[in-house]
Amino acid sequence: MKHLLLAAALFALIGCNTTKPEPASINQQATLAGQLPYNPLAWRVVTSWTNQNSHTMSTLYGNDLAVEYARTNAGHEYPAGAVLALVTWQQRDDPHWFGARIPGAPQTVEFVTISSPGQSPAYERYQGSPLIRTTTSDPTATAQRVEYLLSQRAAVMP
Amino acid sequence: MSSRSSTRLLMFLVLAGFLGLVVMQCVRPPLENPPVTADLQAPPEVKRILRNSCYGCHSNETKLPWFDQVAPAYWLVTHDVKEARRHLNFSEIGKLPAAQQKAALYEAVNFVQLGEMPLHSYTLVHPDAKVSPEDLAVLKNYLHPPAPAPAPDDAVKTAADTQYDKWIHASSAALTVQPALNGITYFPDYKNWKVIATTDRFDNNTLRVISGNDVAIRAIAEHHINPWPDGTVFAKIAWAKQVEANGDVRSGAFIQVEFMIKDSQKYAATKGWGYARWRGMDLKPYGKDANFANECVSCHSPVRGNDYVYTFPLAGQLGGSR
């Protein structure tokens with residue numbers, strides 16, 4: 001009994017009031033849920049960015065055609081068959097590192113598909129949790145968004 | 001008879017122990033306080049916290065209480081103080097470039113937040129040295145005060161543009177990259193690995209992408225990430241932040257790529273992971289000598305319970321498309 005008490009006291013002294021890092025886990029909140037035409041996470045990265053006004057972080061992925069093109073061409077004339085996918089997450093503080101922010105809940109996933117030269121690229125947008133396809137009736141805004149995505153240059157990776 | 005001899009034995013042991021303790025006091029590695037040459041410049045409320053919780057070991061102003069002056073405690077304390085000063089010395093921190101000072105302070109605050117510092121063995125005998133949540137908030141606010149979002153910077157943009165133009169027009173001929181100083185060879189394929197995380201670092205003004213080789217991706221799919229299996233390799237790629245007028249912060253100039261390679265046997269000396277880092281567009285191996293990896297291990301130590309990995313990986317890379 002005495003030993004037990006002593007052990008409990010020691011444990012209280014040593015074990016309890018120390019802070020510990022959050023245990024290892026996958027970034028569950030950032031998981032993409034919903035029916036998407038492609039899985040962008042299976043693709044390679046073109047580049048990534050954040051937006052300091054909306055506190056979001058985005059990763060631009062591409063299928064093989066898109067990535068090969070973006071890494072070797074400064075222009076925006078992606079070949080037919082190229083698909084770009086932009087995943088945008090809300091940012092959250094990294095529980096492990098003061099000084100870092102990491103992806104929180106997914107906000108949108110956008111796809112730009114290049115069909116044949118001369119034809120305007122197809123644009124699809126998915127939003128929310130789970131990700132559900134949204135439609136827009138504003139062709140000018142869509143065209144601007146497509147141009148924005150196509151004009152992102154590849155991150156330099158020597 | 002037998003009780004008498006055991007009393008004698010006990011007395012002998014006590015005497016021997018006492019004598020041993022006395023003899024121990026003669027062995028005193030010196031612990032001096034060198035002059036304070038470049039003390040940390042910080043507001044008084046920040047200095048108060050650091051003085052109270054860190055300066056005991058991480059400065060040239062060590063004052064040992066009597067119970068730390070007695071060997072063998074003295075030996076332990078002397079060793080700890082020397083080790084502490086080598087890692088971070090607030091009395092000399094002013095000599096470092098501003099960016100390195102900032103990095104050291106961020107690391108210190110994170111070590112406090114992760115429960116790594118002050119050392120548990122220290123706070124047991126010096127309970128006043130514990131950093132309260134309020135004090136931790138003061139330190140964080142000092143390092144990262146509320147501030148308006150940064151504006152675009154022409155020099156940053158020019159540097160990124162120049163680098164990009166050179167890179168995008170370069171021939172695809174592979175660069176010859178020297179091995180790291182610990183013998184680890186470069187992994188040119190890191191750019192084709194799947195992404196497991198992105199980080200936005202306001203402590204050092206970089207954006208990062210972390211990619212993982214096939215072993216890493218399979219481990220994530222199987223939720224087998226603590227410990228990670230041998231053969232796992234991560235690449236962490238860092239770029240300078242490039243602020244645009246619309247609030248986008250792009251991946252600007254490439255800074256470095258660094259790797260963690262899991263092999264519990266081969267890299268046992270660095271806790272099961274090999275570390276390597278190549279900097280700049282010429283991919284120059286980082287460090288002065290093969291011991292550079294000690295820096296990496298030391299910084300990753302607070303997450304030893306997570307197999308020394310800070311990252312919370314994204315899952316779903318192996319999910320089908322359509």
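Keep in mind that what you see is a predicted model, and the values were worked out from it rather than measured.

Draft legend 1. Focus on the interface of chain A and chain B. At the junction of the two partners, chain A supplies 58 residues and chain B supplies 70 residues. Roughly 5900 Å² of surface becomes buried between chain A and chain B when both sides are summed, with 58% attributable to carbon and sulfur atoms. The shortest N-O distance in the salt bridge between Asp161(B) and Arg153(A) comes to 2.8 Å. The interface formed by chain A and chain B contains 28 residue pairs in polar contact (both at pLDDT 80 or more). Of all the elements in the fold, those that place two or more residues in the side of chain A that touches chain B are helix H1 (2-16), strand S1 (44-51), strand S2 (56-62), strand S3 (83-93) and strand S4 (100-113) of chain A.

Draft legend 2. Seen up close, the pattern of salt bridges. A complete count under the given rule lists 20 salt bridges over all chains for this structure. Here Glu68(A) ties to Arg44(A) by a salt bridge, and the two come within 2.8 Å at their closest N and O atoms. Here Glu68(A) is found in helix H2 (residues 64-70), whereas its partner Arg44(A) is found in strand S1, with 24 residues between them in sequence. Classification of Glu68(A) as partly exposed rests on a relative accessible area of 44%. Measuring nitrogen to oxygen at the nearest pair gives 2.9 Å for the salt bridge that ties Lys262(B) to Asp307(B).

Draft legend 3. Representation of helix H9 (residues 293-300) of chain B within the structure. Turning to H9(B), its buried residues are Ala293(B), Cys296(B), Val297(B), Cys299(B) and His300(B). Buried residues of H9(B), viewed axially, fall in a sector of 165 degrees; they line one side.

Draft legend 4. Quick peek at the nonpolar core. Membership of the largest hydrophobic core comes to 84 residues, with the highest contact counts inside it found for Tyr190(B), Val257(B), Phe259(B) and Trp278(B). Not counting the four nearest positions on each side in its chain, Val257(B) is found in contact with Tyr186(B), Tyr190(B), Ala235(B), Lys236(B), Ile237(B), Ala276(B), Arg277(B), Trp278(B) and Leu283(B).

Draft legend 5. Focus on the packing of aromatic side chains. Tallying each qualifying case throughout the model produces 23 aromatic pairs over all chains. Their ring planes at 85 degrees and their centres at 5.5 Å tell us that Trp97(A) and Tyr310(B) sit as a pair that is edge-to-face. Linking Trp97(A) in the loop between S3 and S4 with Tyr310(B) in the segment after H9, this pair reaches from one chain into another. Tyr310(B) matches Trp97(A) in its accessibility class, with the two residues each being buried. Considering the side-chain rings of Tyr55(B) and Phe90(B), the 5.4 Å spacing of their centres and the 5 degrees angle between planes classify their relative orientation as stacked. Of this pair, Tyr55(B) sits in the loop between helix H2 (44-53) and helix H3 (73-87) while Phe90(B) sits in the loop between H3 and helix H4 (98-113), and the two are 35 residues apart along the sequence. Sitting over the ring of Tyr164(B), Arg153(A) keeps its end group 4.4 Å from the ring centre. Here the guanidinium or amino end of Arg277(B) rests over the ring plane of Tyr286(B), the centre of that ring lying 4.4 Å away.

Draft legend 6. Spotlight on the environment of Arg28(B). All names here are of chain B. By the element assignment, Arg28 lies in the loop between helix H1 (2-24) and H2. Owing to a relative accessible area of 35%, Arg28 belongs among the partly exposed residues under this scheme. Considered as a pair, Arg28 and Asn205 are 177 residues apart in the sequence and their alpha carbons are 46 Å apart. When neighbours within four sequence positions are excluded, Arg28 is seen to be in contact with Gln69 and Tyr74. Among the polar contacts listed, one links the side chain of Arg28 to the backbone oxygen of Gln69, at a separation of 3.0 Å.

Draft legend 7. Representation of H3(B). All names here are of chain B. Under the 1.5 Å per step criterion, the end-to-end length of H3 is 21 Å for 15 residues, consistent within 8% with the ideal 21 Å. Here H3 has its buried residues at Tyr74, Val77, Thr78, Val81, Ala84 and Arg85. Buried residues of H3, seen end-on, are gathered within an arc of 135 degrees and therefore sit on one face of the element. Facing away from the buried surface of H3 by more than 90 degrees, the exposed residues are Leu76, His79 and Arg86.

Draft legend 8. Structural context of the pairing of strand S4 (residues 248-262) of chain B. Burial analysis of S4(B) places 13 of its 15 residues in the buried class, which makes it a mostly covered element. In the sheet, S1(A) pairs with S4(B) via three bridges, with the strands oriented antiparallel. Bridge pairing in S4(B) places Asn51(A) opposite Asp248(B). By the bridge criterion, 10 bridges tie strand S3 (residues 233-243) of chain B to S4(B) in an arrangement that is antiparallel. Note on S4(B): the bridge partner recorded for Val243(B) is Val249(B). The antiparallel pairing of S3(B) with S4(B) creates a hairpin that spans four residues between the two strands, and Gly247(B) there sits at a positive phi of about 95 degrees. Direction of pairing for S4(B) relative to strand S5 (residues 273-279) of chain B: antiparallel, over a ladder of seven bridges. Counterpart to Gln256(B) in the pairing with S5(B) is Arg279(B).

Draft legend 9. Local environment of a nonpolar patch on the surface. Residues Leu9(B), Phe12(B) and Leu13(B) make up a contiguous nonpolar surface patch of about 340 Å² in total accessible area. On the secondary structure map, Leu13(B) appears in helix H1.

Draft legend 10. Up close: the confidence of the model for chain A. Looking at chain A as a whole, the pLDDT averages 90, with 89% of positions reaching at least 70. Ignoring residues within four places in sequence, the model shows residues 11-17 of chain A, a span with pLDDT below 50, making seven contacts including any to other chains.

Each value, and the rule that gives it
- Residues numbered from 1 in each chain as written.
- Chains lettered and ligands numbered in written order.
- Predicted model: local features only at pLDDT ≥ 70, side-chain atom pairs only at ≥ 80, totals over all residues.
- Heavy atoms only, no water.
- Contact = heavy atoms within 4.5 Å.
- Buried area = accessible area lost by both parts, 1.4 Å probe.
- Salt bridge = Lys/Arg side-chain N within 4 Å of Asp/Glu carboxyl O.
- Polar contact = N/O pair within 3.5 Å; in protein donor to acceptor, adjacent residues only side chain to side chain.
- Helix = DSSP H or I, 4+ residues; strand = E, 2+ residues; numbered from the N terminus.
- Buried < 20%, exposed > 50% of the residue type's maximum accessible area, 1.4 Å probe, protein only.
- Arc of directions from axis to C-beta.
- Core = buried A, V, L, I, M, F, W, Y, C linked by side-chain atoms within 4.5 Å.
- Phe/Tyr/Trp six-rings, centres within 6.5 Å; stacked < 30°, edge-to-face > 60°.
- Lys NZ or Arg CZ within 6 Å of the ring centre and 35° of its normal.
- Expected span 1.5 Å × (residues − 1).
- Pairing = 2+ DSSP bridges.
- Patch = residues over 30% accessible without salt bridge, like charges linked within 9 Å, V, L, I, M, F, W, Y side chains within 5 Å.
- Areas by Shrake-Rupley, 256 points an atom, 1.4 Å probe, with all protein chains shown as cover.
- pLDDT = per-residue confidence, 0-100.

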